[in-house]
Amino acid sequence: MSNTEFSSRRNQLLQSMQANSICLIPAADLVTRSRDTEYSFRQDSYFQYLCGFPEPQAWLVLSNRADFPNGLSVLFCLNKDPVAEIWHGRRYGPKQAKQDFQMDMTYVLDDLEEKLIELIDGHDNLYFAQGHNSAADEIVFSIMQSLRQAPKQSKLAPNNTLDVRSMLDEMRLIKSDAEINIMRQAANISVDAHKRAMQFSKAGINEYHLEAEIHHEFAMQGAKNPAYGTIVGGGNNACILHYTENNQVLNAGELVLIDAGCELQGYAADITRTFPVSGQFSEAQAALYQLVLDAQLAAFEWIKPENTIKQATDVAVKTITQGLLDLGILQGKLEENIEQQTYRQYFMHGLGHWLGLDVHDVGIYKIEGQDRPLKAGMVLTIEPGIYISPEANVEEKWKGIGIRIEDNLVVTKSGYENLTHGAPKTISHIETLMQTTLKDS
Ligand code: GLY
Ligand code: MN
Ligand code: MN
């Protein structure tokens, strides 16, 4: 992502803020995993969106005060420290950060409180995401208290504190061409990872072996991390929506559901494919699989500007409910089943969600109680599923089958582009691809 794009996002935010406002955006911090070790660092999505500075603990401060006609961007970051850098890794330091991230000013983190008091003084409004980062909440609260208690030093705290998230969420919801390009790359890498898993699948291996193949492909194509906890659920495990143990043996005759996407420059892909462990669908598996696929393709037809996710959901629900009736898994009339939501026993989650820097990306789904119309540049997943628990009151042949098919769509001016279309999903495409490697079973 270019500095020009980061700076135009900051300008857009500065222009949307009320006059004489200051905005504080803290970076993420490291999170302890076990003594002296931390989870792999991931930058805060809002902070990432506005400047791309990759280090923990930093703060971005933006002001549109009248004496900064082009807006002011200030970054606080860790100081250079040869000893700390030997132990914990390289740091930009304020001087290099100012240059590389095109900031108007940079300061060391040690001066945060003192400089923030100076910077905030005199602004009417403070934009901040209270409750988003508790350590940052405490710092901001303490600074505001200092300002409020300092009238004798002629310092003035802003009268209003406003939540910056609603503005940033609306900006993040509509992706730029540069963002879509990165998401297309993340999608392509993730497509290849799913193909690799299909080709490596065989009875007797563990779910985590397929997870490893997926992550291998991500890394070999330049995406170091998955965007979320990879799900590899064989057999009944596919019916656990957020299954991440991934530690059971895959058996011949079962399906395996893989929900995995890489993260690239902070952006997520989010693909699910379900396929037979040994490469061939049984009749019952194929019947349910085709139904999920039909529902997904019917939903795609509704993805275009001015339509809503609700319309796509309604058609997917109708397809699934009619299909479950045809297969004898539900009984009665279509309308009554839809009315009573009987399908929810088997399709219990939403049709999809926004996708972007966060896998469940920001952006409200309703505006004043009404489903919001789709707009070009939105990116969303379409991911219908059918999950028949082993305890369900149905014929034996359906029990323990879990299927989800998930793709990532960009809304275009005339319809959509499916970023993840390359991952095989028709029964014949999957079976053909899976024949291209030697199988033990
Ligand atoms: N991978 C999370 C989801 O599909 O929503
Ligand atoms: Mn998803
Ligand atoms: Mn997913």
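Reading the values: rules and limits
Residues numbered from 1 in each chain as written. Chains lettered and ligands numbered in written order. Predicted model: local features only at pLDDT ≥ 70, side-chain atom pairs only at ≥ 80, totals over all residues. Heavy atoms only, no water. Donors = N, O, S within 2.8 Å, 3.2 Å for Na, K, Ca; no water. Tetrahedral: all angles 85-135°; square planar, octahedral: opposite > 155°, others 65-115°. Helix = DSSP H or I, 4+ residues; strand = E, 2+ residues; numbered from the N terminus. Buried < 20%, exposed > 50% of the residue type's maximum accessible area, 1.4 Å probe, protein only. Near = heavy atom within 4 Å. Polar contact = N/O pair within 3.5 Å; in protein donor to acceptor, adjacent residues only side chain to side chain. Areas by Shrake-Rupley, 256 points an atom, 1.4 Å probe, with all protein chains shown as cover. Pairing = 2+ DSSP bridges. Axes fitted to C-alpha atoms, helices over the stretch in contact; angles between N-to-C directions. Contact = heavy atoms within 4.5 Å. Salt bridge = Lys/Arg side-chain N within 4 Å of Asp/Glu carboxyl O. 1 Å grid on protein atoms, 1.4 Å probe; cavity = no way out; pocket = protein on both sides within 12 Å on 5 of 7 lines; lining within 4 Å. Points joined across faces, edges and corners; volume = space filled by probe spheres on them. Nonpolar A, V, L, I, M, F, W, Y, C, P; charged D, E, K, R; others polar. Phe/Tyr/Trp six-rings, centres within 6.5 Å; stacked < 30°, edge-to-face > 60°. Expected span 1.5 Å × (residues − 1).

Visitor: What am I meant to see in the coordination of the manganese ion (ligand 3) here?
Guide: Tetrahedral coordination by four donors places them ideally at 109.5 degrees to one another around the metal; octahedral coordination by six donors ideally gives 90 or 180 degrees. Note on the manganese ion (ligand 3): its protein donors are Asp-259 (OD), Asp-259 (OD), Asp-270 (OD) and Glu-406 (OE). The metal-donor distances range over 2.0 to 2.3 Å. One can describe the donor arrangement at the manganese ion (ligand 3) as irregular, given that its 6 donor atoms subtend angles of 57 to 169° at the metal. In terms of primary sequence, the donors binding the manganese ion (ligand 3) are separated according to D-x10-D-x135-E. The metal-metal distance between the manganese ion (ligand 3) and the manganese ion (ligand 2) comes to 3.3 Å, with Asp-270 coordinating both. Taken together, the residues Asp-270 in the loop between strand 13 (267-268) and strand 14 (271-276) and Glu-406 in the loop between strand 19 (402-404) and strand 20 (407-411) connect sequence positions 136 residues apart. In terms of burial, Asp-270 and Glu-406 fall into one category: buried.

Visitor: Teacher, can you tell me more about the site of ligand 1 here?
Guide: In the vicinity of ligand 1, the residues found are Tyr-228, Asp-259, Asp-270, His-353, His-360, Glu-383 and Glu-406. A distance of 3.0 Å separates a nitrogen atom of ligand 1 from a polar side-chain atom of Asp-270. At 3.1 Å from an oxygen atom of ligand 1 is found a side-chain nitrogen or oxygen belonging to Glu-383. Its free accessible area being 190 Å², ligand 1 has 86% of it covered by the protein chains.

Visitor: Hey, could you run me through the sheet that holds strand 7 (residues 125-128) in this one?
Guide: Sheets are built from strands paired through backbone hydrogen bonds, the pairs being either parallel or antiparallel. Taken together, 6 strands build an open sheet; the order of strands is 6-5-4-1-7-8 and the sheet is mixed. The open sheet is flanked by strand 6 (105-108) and strand 8 (160-163), the only strands paired with a single partner. The sheet shows a mean angle of 20° between the axes of neighbouring strands, taken without regard to direction. In this sheet, strand 8 lies alongside strand 7 in parallel orientation, the contact comprising 4 bridges. By the bridge assignment for strand 8, Asn-125 is matched with Asn-160. Contacting strand 1 (21-26), strand 4 (59-63), strand 5 (72-77) and strand 6, helix 5 (residues 112-120) runs over the sheet at an angle of about 165° to strand 5.

Visitor: Is there a simple way to explain the coordination of the manganese ion (ligand 2) in this structure?
Guide: Looking at the manganese ion (ligand 2), the protein donor atoms are Asp-270 (OD), His-353 (NE2), Glu-383 (OE) and Glu-406 (OE), and they sit 2.0 to 2.2 Å from it. Going along the chain, you hit the donors of the manganese ion (ligand 2) in the pattern D-x82-H-x29-E-x22-E. Residue classification places Glu-383 among the buried residues on the basis of a relative accessible area of 9%.

Visitor: Mind showing me how you'd approach the pattern of salt bridges here?
Guide: Charged atoms that come close allow side chains of opposite charge to pair. In total, this model carries 22 salt bridges according to the counting rule given. Notably, a salt bridge pairs Glu-217 with Arg-196, separated by 3.3 Å at the nearest N-O pair. Of this pair, Glu-217 sits in helix 9 (residues 207-220) while Arg-196 sits in helix 8 (residues 177-200), and the two are 21 residues apart along the sequence. For Glu-217, a relative accessible area of 13% puts it in the buried group. One network of salt bridges, in which partners are shared, links Arg-42, Arg-172, Lys-175, Glu-263, Asp-358 and Asp-361.

Visitor: Looking at this model, I keep getting lost on empty space enclosed by the protein. Mind explaining?
Guide: Gaps between atoms show up when a probe of the same size as a water molecule is rolled over them. All told, the structure shown has 1 cavity of 30 Å³ or more when counted by the stated rule. As a volume, the largest cavity reaches approximately 50 Å³. Contributing to the lining of the largest cavity are Leu-24, Ile-25, Pro-26, Asp-44, Tyr-46, Ala-129, His-132, Val-164 and Leu-168. Counting residues per element, the lining of the largest cavity draws most heavily on strand 1, at 3 residues. Among the residues making up the lining of the largest cavity, the classes are represented as 7 nonpolar, 1 polar and 1 charged.

Visitor: Got a minute to help me understand the side chain of His-123 in this structure?
Guide: Within the fold, His-123 resides in the loop between helix 5 and strand 7. A polar atom in the side chain of His-123 sits 2.7 Å from the side chain of Ser-63. A distance of 3.1 Å separates a polar side-chain atom of His-123 from the backbone oxygen of Leu-119.

Visitor: Explain the pairing of strand 10 (residues 231-234) to me, please; I cannot follow it from the model alone.
Guide: Consecutive side chains of a regular strand alternate in pointing toward one face of the sheet and then the other. Alternating positions in strand 10 separate into two faces, Ile-231 and Gly-233 on one and Val-232 and Gly-234 on the other, with burial throughout. Sheet topology places strand 10 next to strand 11 (residues 255-260); 4 bridges connect them, and they run antiparallel. Directly across from Val-232, in strand 11, lies its bridge partner Ile-258.

Visitor: Can you walk me through the packing of aromatic side chains in this structure?
Guide: Geometrically, a pair of aromatic rings is defined through the distance of the ring centres and the angle of the planes. Inspection of the entire model under this criterion finds 7 aromatic pairs. Where Phe-53 meets Tyr-92, the ring centres are 5.5 Å apart and the plane angle is 50°; that geometry is what we call tilted. Of this pair, Phe-53 sits in the loop between helix 2 (45-50) and strand 4 while Tyr-92 is found in the loop between helix 3 (82-88) and helix 4 (93-100), placing the two residues 39 residues apart along the sequence. We classify Phe-53 as buried; its relative accessible area is 0%. You can call Tyr-92 partly exposed: its relative accessible area is 28%. Ring plane angle 55° and centroid distance 4.9 Å describe the contact between Phe-281 and Tyr-289, whose orientation is recorded as tilted. Through a chain of ring-to-ring contacts, three or more aromatic side chains come together here, namely Phe-53, Tyr-92 and Phe-101.

Visitor: Got a minute to help me understand helix 1 (residues 3-16) in this structure?
Guide: Side chains three or four residues apart in an α-helix point the same way, a direct result of the helix having 3.6 residues per turn. Taking 1.5 Å of rise per residue, the 14 residues of helix 1 would be expected to cover 20 Å, and the 20 Å separating its terminal C-alpha atoms lies within 8% of that figure. Taken together, the buried positions of helix 1 are Glu-5, Phe-6, Arg-9, Arg-10, Leu-13 and Leu-14.

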